[in-house]
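One letter stands for each residue in the lines below.
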Amino acid sequence: ARAEIGVTGLSVMGRNLARNLARNGFSVALHNRTVARTNSLVADHGDEGDFIPSESMADFVASLKRPRAVIIMVKAGKATDAVIDALVPLLEKDDIVIDAGNAHFVDTARRERDLAAKGLHFVGTGVSGGEEGALLGPSIMPGGSAESYRKLGPIFEKIAAQVDGTPCCVHVGPGAAGHFVKMVHNGIEYADMQLIAEAYDLLRAGLGASPAEIAEIFREWNSGDLDSFLIQITAEVLAHTDGKSGQPFIDVVQDRAEQKGTGRWTVQSALDLGVPITGIAEATFARSLSGHVAQRAAAQSTFAGRAADTPIAGLVEDRKQFIEDVRNALYASKIVAYAQGFDHIRAGSKDNDWGIDPGAMATIWRGGCIIRAKFLDRIREVYAENPYLESLLVAPYFAEAVANGFDSWRRVLVTAIRGGVPTPVFSSSLAYVDALRSPRLPAALIQGLRDNFGAHTYQRVDRDGSFHTMWAEDKREVDA
Ligand code: 6PG
């Protein structure tokens, strides 16, 4: 046996990951359910490195050096379990099974327990960067045992994206920590994309600018604080003209955003942990709303609304100021989305004893992944200084950016509300900051109501203890 690592599941992500490994000098065992894919990979790219193709799972396992390391790259869910079931009887003690798909971390935790009982390592690994990242250098987020990382680390760190000589890969933590962090990464990705979409919608409504003109604005923004992969490709998508119709591409695409599950899982997990990731939740619901075709049709015939490609006359007076306001609001809201995502990581880490270093996550997200952005370097610096920071929002650099954005943020939202342009994440992000900084919240009234209808008790500002008011009687207060 000569292969250092194997890949089973050779659709585009697995294929590119296998090529990346081979190009970096590792001998790679290949396997796919249908042999045609394996053969075409070898036929098309066999000269890129040392590939060892196998038709059967048994031959594939036999071609691997021990302890074996097998990457599974199939559709998350049942397909992963099916591959694990076929693979495991062929493996031996200390072999390592790596799931590089977008698995739910709860499934990863279960699989790790099952395989550990058989003396095997199971490493749920987040891989971000899409097809191109998989080939040229993704951001890699492996969980699992420290022992497995001793073997996998040198391989993964070599094939990962590199930023300033630092690989975008680190051992995230034990168990399902890697897939948990990848899930939150995707949640942030949802918020980031929804914010970009809201900014585009506002610019189109307010300025009556064409998609190509808005592409120029994004291109300019990409040279400042907002510098990021998603802003860069936004300019590319908006500037694109549809070959068939000659229309802007964006106007011929159905306005229903799909999702495979990672955003929904992020919100579900945050609800369980009690972490208010409001921007990520609104972004996930915005996708759901866009897909509710019948409800949208019913509402459209009841209350006529604005079409996304129609400007609103007279909505914006000072065009230059408006563009700057949208930029500032976008940046401040984006900071909120990342602050909430990092809160979620810290809460998940604490709940599961994963010991995740938030600064290390910012470090490995600087390159390779979909949310890669210049300001992740700032997040890295902030956590390097204080890993226990209460919120990213209060770190001086981010606090200043948010505070400087307040006026713009409010002006943009007033314009959005006047024009009827929906901005769920811009709005909820400002509400989040306003609530956090508020010395007194109306939660006191909620406590009063709960006590009134259900004797749920309350605490007082001036005395320790729990209290209940006898609402239906003489309204005297009693100790609860
Ligand atoms: C990445 C992406 C990747 C994939 C998402 C898309 O980090 O490379 O997040 O994992 O594009 O699964 O998710 P949706 O289909 O839910 O938008």
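Residues numbered from 1 in each chain as written. Predicted model: local features only at pLDDT ≥ 70, side-chain atom pairs only at ≥ 80, totals over all residues. Heavy atoms only, no water.

Explain the UniProt feature "domain: 6-phosphogluconate dehydrogenase C-terminal" (unreviewed entry) in the chain to me, using residue names and the numbers behind them.
The sites that UniProt annotates as "domain: 6-phosphogluconate dehydrogenase C-terminal" (unreviewed entry) are residues 178-472. As annotated, residues 178-472 comprises 65% helix and 1% strand, and the C-alpha atoms at either end are separated by 53 Å. (UniProt positions renumbered as here; feature names shortened; annotations may be inferred. Helix = DSSP H or I, 4+ residues; strand = E, 2+ residues; numbered from the N terminus.)

Give a detailed account of the nonpolar core, specifying residues and quantitative values.
Ranked by size, the top nonpolar core spans 93 residues in total, and within it Phe218, Trp365, Ile379 and Trp409 carry the most contacts. The element contributing the most residues to this core is helix H8 (residues 177-207), with 16 residues. Tryptophan 409 has contacts with Ala329, Ala332, Ser333, Val336, Val402, Phe426, Ser429, Leu430 and Val433, leaving out every residue within four places of it along the chain. Residues Phe26, Leu152, Ile155 and Cys169 belong to the second largest nonpolar core, which totals 29 residues. (Core = buried A, V, L, I, M, F, W, Y, C linked by side-chain atoms within 4.5 Å. Buried < 20%, exposed > 50% of the residue type's maximum accessible area, 1.4 Å probe, protein only. Contact = heavy atoms within 4.5 Å.)

Explain the packing of helix H15 (residues 319-352) against helix H18 (residues 396-419) residue by residue, including any values.
Remark: H15 packs on H18, axes separated minimally by 7 Å, with the N-to-C direction vectors making an angle of 125°. When the axes of H15 and H18 are compared, the pair comes out oblique. Here H15 runs over H18; the crossing is left-handed. Two secondary-structure elements touch here, H15 through Gln321, Phe322, Glu324, Asp325, Val326, Asn328, Ala329, Tyr331, Ala332, Ser333, Ile335 and Val336 and H18 through Tyr397, Phe398, Ala401, Val402, Gly405, Ser408, Trp409, Arg411, Val412 and Thr415. Classifying every residue of the contact of H15 with H18 by side-chain character gives 13 nonpolar, 6 polar and 3 charged. (Axes fitted to C-alpha atoms, helices over the stretch in contact; angles between N-to-C directions. Parallel < 35°, antiparallel > 145°, perpendicular 65-115°, else oblique. Left-handed = near helix turned anticlockwise from the far one by under 90°. Nonpolar A, V, L, I, M, F, W, Y, C, P; charged D, E, K, R; others polar.)

Run through the sheet that holds strand S6 (residues 121-128), naming residues and quoting values.
A sheet is described by the order of its strands in space; here 7 strands give the open sequence S3-S2-S1-S4-S5-S6-S7, paired in mixed fashion. Across the chains shown, the open sheet's two edge strands, defined by having one partner strand only, are strand S3 (51-53) and strand S7 (139-142). Across this sheet, the average inter-strand angle for adjacent strands is 25°, counted without regard to direction. In this sheet, S3 lies alongside strand S2 (residues 28-31) in parallel orientation, the contact comprising 3 bridges. Across the sheet, residue valine 28 finds its bridge partner in S3, namely phenylalanine 51. (Pairing = 2+ DSSP bridges.)

Could you give an account of the state of the cysteines, with specific residues and numbers?
Enumeration according to the criterion identifies 0 disulfides in this entry. Cysteine 369 supplies the cysteine sulfur nearest to cysteine 168, a cysteine that is in no disulfide, at a spacing of 7.3 Å. Cysteine 168 gets classed as buried once you look at its relative accessible area, which sits at 0%. Free cysteine: cysteine 169, not disulfide-bonded; nearest cysteine sulfur from cysteine 168 at 8.9 Å. The class of cysteine 169 is buried, set by a relative accessible area of 4%. (Disulfide = S-S within 2.5 Å.)

An account of the confidence of the model for the chain is requested, with residue identities and associated values reported.
This prediction gives the chain a mean pLDDT of 97; 100% of its residues lie at or above 70. The ipTM value of the predicted complex is 0.97, and its pTM value is 0.97. (pLDDT = per-residue confidence, 0-100.)

So what's going on with the pattern of salt bridges? Which residues, and what values?
Taken as a whole, this structure holds 29 salt bridges when the rule is applied. Notably, a salt bridge pairs lysine 334 with aspartate 192, separated by 3.3 Å at the nearest N-O pair. Of this pair, lysine 334 sits in helix H15 while aspartate 192 is found in helix H8, placing the two residues 142 residues apart along the sequence. With relative accessibility at 2%, the residue lysine 334 sits in the buried group. (Salt bridge = Lys/Arg side-chain N within 4 Å of Asp/Glu carboxyl O.)

Provide a residue-level description of helix H5 (residues 105-116), including the pertinent values.
For H5, with 12 residues, the first-to-last C-alpha span of 16 Å sits near the 16 Å given by 1.5 Å per residue. If you check which residues of H5 are buried, you get Phe105, Thr108, Arg111 and Leu115. Buried positions in H5, seen along its axis, are confined to an arc of 115° and lie on one side of it. Packing partners of the buried residues in H5 comprise helix H4 (78-87), strand S5 (96-99), S6, H8 and helix H12 (262-273). (Expected span 1.5 Å × (residues − 1). Arc of directions from axis to C-beta.)

Give a description of a nonpolar patch on the surface that names residues and reports values.
Residues Leu445, Leu449 and Phe453 make up a contiguous nonpolar surface patch of about 360 Å² in total accessible area. Topologically, leucine 449 is positioned in helix H20 (residues 443-454). (Patch = residues over 30% accessible without salt bridge, like charges linked within 9 Å, V, L, I, M, F, W, Y side chains within 5 Å. Areas by Shrake-Rupley, 256 points an atom, 1.4 Å probe, with all protein chains shown as cover.)

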